[in-house]
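If you want the building blocks of each chain, they are given just below.
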Amino acid sequence: VIVPTSWYLLLAAALFAIGAAGALTRRNGITIFLSIELMLNAANLTLVAYARQWGEHTGQLVVFFVLAVAAAEAAVGLALFIAVFRQRRTIDVNRLNLMRW
Amino acid sequence: MEILIFAIFAALAVVSAIVVVAHRSPVYSTMSLVVTLFSVAVLFVLLGAPFLAALQILIYAGAIVVLFLFVIMLLNLQKSENRTFTSPQLWMAMLGAVVFAGMLVLLVSQTGERPLGPLTAEQVSLENLATALFSRYLLPFEIVGLLLLAAVIGATVAARKPPEGDEASPPPREDYVVESQKEARP
């Protein structure tokens, strides 16, 4: 029996919601980053599920590009965390409020 | 059989995703993310995308997670954050996530779908994927290469230790941290 596409979509929705809740509530910069990776992965799952549904390659290619962008984003983001940590000795996002208001 | 595999790895993905966002220690969160990524890779295989599953494990679990762990160790963040959630923020975020997921579930349940046929060799073939990537999507491919180069340079510059006497990047201000910590607890 083949798993219907909607099950994959529901799973992706659940993963995305969990990641969104994490990104909104956590204060540790690293954990927020992990939550963003989670959301990217949920989007990837959706794309692959639709690629399977329509028998198309385009969805899989988009996932390929998303993976590359995620790698670049992780590298630059973590480098920024190192730079911020050097200045402030913390990456608690509640204390990084220089540009707030 | 396929449904059984889907159920096991979907449950594993959701549980480990919850651990990622809920665990106090960033190291455990990162290790839990590996489990999620691996489960999603298995689902990619079920969906007929073995190449993406391999990429997912190589790039995410292999490279990105190692980078995360490296930074956690480098910044000495193993100790857990002391959790003083501002309650309204937590509840609003939970509400937002639940409403969002509910809307997606509603949307998915409203749309009809064609039943899937079995996977064909053409759908799984890496050759078709590569042909499309290097012909029709060649320009985005090259741009991604450029993006990765820019990211490497940017990350190196951002994480570099500022040279002595560099006006643009003053030494860390310990006084500021102390002051903001005072502000943090009223």
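Everything discussed here concerns the structure shown above.
Residues numbered from 1 in each chain as written. Chains lettered and ligands numbered in written order. Predicted model: local features only at pLDDT ≥ 70, side-chain atom pairs only at ≥ 80, totals over all residues. Heavy atoms only, no water.

**Topic: the overall build of chain B**
Assigned secondary structure in chain B consists of eight helices and zero strands. Going residue by residue from the N terminus, the α and β elements of chain B occur as α-α-α-α-α-α-α-α. Expressed as a percentage of its 186 residues, the buried residues of chain B come to 30%. When the accessible surface of chain B is totalled, it reaches about 11,700 Å², and 72% of it is carbon and sulfur. (Helix = DSSP H or I, 4+ residues; strand = E, 2+ residues; numbered from the N terminus. Buried < 20%, exposed > 50% of the residue type's maximum accessible area, 1.4 Å probe, protein only. Areas by Shrake-Rupley, 256 points an atom, 1.4 Å probe, with all protein chains shown as cover.)

**Some remarks on the side chain of arginine 26 of chain A**
For arginine 26 of chain A, the location among the structural elements is in the loop between helix H1 (5-25) and helix H2 (29-54). In this structure the side chain of arginine 26 of chain A is engaged in a polar contact, spanning 3.0 Å, whose partner is the backbone oxygen of histidine 23 of chain B. (Polar contact = N/O pair within 3.5 Å; in protein donor to acceptor, adjacent residues only side chain to side chain.)

**What to know about the interface of chain B and chain A**
Taken together, the contacts link 89 residues of chain B with 72 residues of chain A. With both sides pooled, the region where chain B packs onto chain A buries about 7,600 Å², and carbon together with sulfur makes up 73% of that total. Among the residues of chain B in contact with chain A, Leu47, Phe68 and Leu116 of chain B are the three that bury the most area, contributing 9% of the side total. Here chain B and chain A share zero salt bridges between them. At the boundary of chain B and chain A, one finds six residue pairs in polar contact (both at pLDDT 80 or more). Of all the secondary structure elements, the ones that give two or more residues to the side of chain B that touches chain A are helix H1 (2-22), helix H2 (26-46), helix H3 (50-74), helix H4 (87-110), helix H5 (121-124), helix H6 (126-134), helix H7 (138-159) and helix H8 (174-184) of chain B. A per-class count over the side of chain B that touches chain A returns 63 nonpolar, 15 polar and eleven charged. (Contact = heavy atoms within 4.5 Å. Buried area = accessible area lost by both parts, 1.4 Å probe. Salt bridge = Lys/Arg side-chain N within 4 Å of Asp/Glu carboxyl O. Nonpolar A, V, L, I, M, F, W, Y, C, P; charged D, E, K, R; others polar.)

**Let's talk about the packing of H1 of chain B against H2 of chain B**
Residues and elements named next belong to chain B. Here H1 crosses H2 at 155°, and the two axes come no closer than 8 Å. The pairing of H1 with H2 is recorded here as roughly antiparallel in orientation. The way H1 lies across H2 gives a crossing that is left-handed. Contacts from Glu2, Ile5, Phe6, Phe9, Leu12, Ala13, Ser16, Ala17, Val19 and Val20 in H1 reach Ser29, Ser32, Leu33, Val35, Thr36, Ser39, Val42, Leu43 and Leu46 in H2. Its residues assigned to classes, the contact of H1 with H2 shows 13 nonpolar, five polar and one charged. (Axes fitted to C-alpha atoms, helices over the stretch in contact; angles between N-to-C directions. Parallel < 35°, antiparallel > 145°, perpendicular 65-115°, else oblique. Left-handed = near helix turned anticlockwise from the far one by under 90°.)

**Details of the packing of aromatic side chains**
Applying the stated criterion to the full structure yields eight aromatic pairs over all chains. Ring centres of phenylalanine 64 of chain A and phenylalanine 141 of chain B lie 6.1 Å apart, and the angle between their planes is 20°; this geometry places the pair in the stacked category. In this pair, phenylalanine 64 of chain A is assigned in helix H3 (residues 58-88) and phenylalanine 141 of chain B in helix H7, connecting two distinct chains. According to the relative accessible area criterion, phenylalanine 141 of chain B is partly exposed, its value standing at 25%. (Phe/Tyr/Trp six-rings, centres within 6.5 Å; stacked < 30°, edge-to-face > 60°.)

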